[in-house]
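Here's the letter readout for the chains.
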Amino acid sequence: MVHRHERHHEPKQRLSRPQELWLYLVGMVLMLSGLAWLVCHYWLRAPGPAPHPLEVWWLRLHGAAMVGFLVVFGALLPVHVKHGWRQGLNRSSGLLVVVAIVFLALTGYGLYYIVSDELRDWVSVLHWTVGLAAIGMVGLHIALGKQQARLRRRDAERRLAARHATSRVHIAP
């Protein structure tokens, strides 16, 4: 008799289609709103101390997208992140992504609620610098994960083909 806890099923690391869709959709809004704020703040600003009129709207959209992103990311933690870590899959790039997300969430919160005027510019530059780097980190993590999945599928197909080839060998009496 096989007990339930003795059965070992290796969970799939690939996200479901709805998870992938929501992650990409909310991540894209988050990225584009952050980039739009950067453009307005640094390149479209009129002379003088007043910010570009669209800056506040891009920040509002960016904050709303971050709430959605944290919900979607939180849903990935118990399965995708936990099992990927336990199986040793894509650990380096995954760890970079998780650390970047935590850093961005904390600095974003700090910019909105905590940081003094003296520190705001420094924290802002740190936040958007890591945010830009995170775009590359996520892209790398996705590319490496897809490559590893292809290699695992190819190895499984080879093992299956080898198993079938040995089972076809007929030994005459």
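Rules and cut-offs
Residues numbered from 1 in each chain as written. Predicted model: local features only at pLDDT ≥ 70, side-chain atom pairs only at ≥ 80, totals over all residues. Heavy atoms only, no water. Core = buried A, V, L, I, M, F, W, Y, C linked by side-chain atoms within 4.5 Å. Buried < 20%, exposed > 50% of the residue type's maximum accessible area, 1.4 Å probe, protein only. Helix = DSSP H or I, 4+ residues; strand = E, 2+ residues; numbered from the N terminus. Contact = heavy atoms within 4.5 Å. Salt bridge = Lys/Arg side-chain N within 4 Å of Asp/Glu carboxyl O. pLDDT = per-residue confidence, 0-100. Lys, Arg positive; Asp, Glu negative; His and termini not counted. Polar contact = N/O pair within 3.5 Å; in protein donor to acceptor, adjacent residues only side chain to side chain. Bend = angle between axes of the 7 residues up to and from the residue. Phe/Tyr/Trp six-rings, centres within 6.5 Å; stacked < 30°, edge-to-face > 60°. Lys NZ or Arg CZ within 6 Å of the ring centre and 35° of its normal.

### Considerations on the nonpolar core
- Judged by nonpolar contacts, the single largest core of 16 residues is most densely connected at Leu23, Leu30, Phe69 and Ile101.
- When contributions to this core are tallied by element, the ones reaching two or more residues are helix 1 (17-42), helix 2 (55-87), helix 3 (91-114) and helix 4 (117-168).
- Excluding residues that lie within four positions of it along the chain, leucine 23 makes contacts with Leu15, Phe69, Val72 and Leu76.

### Comments concerning the pattern of salt bridges
- Within this structure, the stated rule accounts for one salt bridge.
- As a salt-bridge pair, glutamate 20 and arginine 17 come within 3.0 Å of each other at their nearest N and O atoms. Residue glutamate 20 and its partner arginine 17 are located together in helix 1, separated by three residues, close to a single helical turn.
- Given the relative accessible area of 11%, glutamate 20 is considered buried.

### Remarks on unusual backbone geometry
- Notably, asparagine 90 is not glycine yet its phi reads approximately 55°, a positive angle.
- Within the fold, asparagine 90 resides in the loop between helix 2 and helix 3.

### A look at the confidence of the model for the protein
- Mean pLDDT for the protein: 85, with 88% of residues reaching 70 or above.
- Taken element by element, the predicted model of the protein shows its lowest mean pLDDT in helix 4 (87) and its highest in helix 1 (93).
- Taken as a whole, residues 1-10 scores under 50 in pLDDT and shows three contacts with residues more than four places along the chain or in a different chain.

### Things to note about the side chain of glutamate 55
- With respect to the helices and strands, glutamate 55 occurs in helix 2.
- Look at glutamate 55: it is buried, it has no salt bridge, and the nearest opposite charge is arginine 45 at 4.3 Å.
- Within the local environment of glutamate 55, its side chain forms a polar contact with the side chain of tryptophan 37, the two groups lying 3.2 Å apart.

### Some words on helix 2
- In helix 2, a bend of some 60° at leucine 77 exceeds every other bend along the element, and proline 78, a proline, comes one to four places later.
- Buried within helix 2 we find Glu55, Ala65, Met66, Phe69, Val72, Phe73, Leu76 and Gly84.
- Packed against the buried residues of helix 2 are helix 1 and helix 3.
- Looking at the residues trailing helix 2, positive phi occurs at glycine 88, about 75°.

### Brief notes about the packing of aromatic side chains
- Counted under the stated rule, the structure contains six aromatic pairs.
- Among the aromatic residues, those joined into a ring-pair cluster are Trp37, Tyr42, Trp43 and Trp128.
- The residue whose ring lies beneath arginine 60 is tryptophan 57, and the NZ or CZ to ring-centre distance is 4.5 Å.
- We note arginine 91 situated over the ring of tryptophan 85; from NZ or CZ to the ring centre the distance is 4.5 Å.

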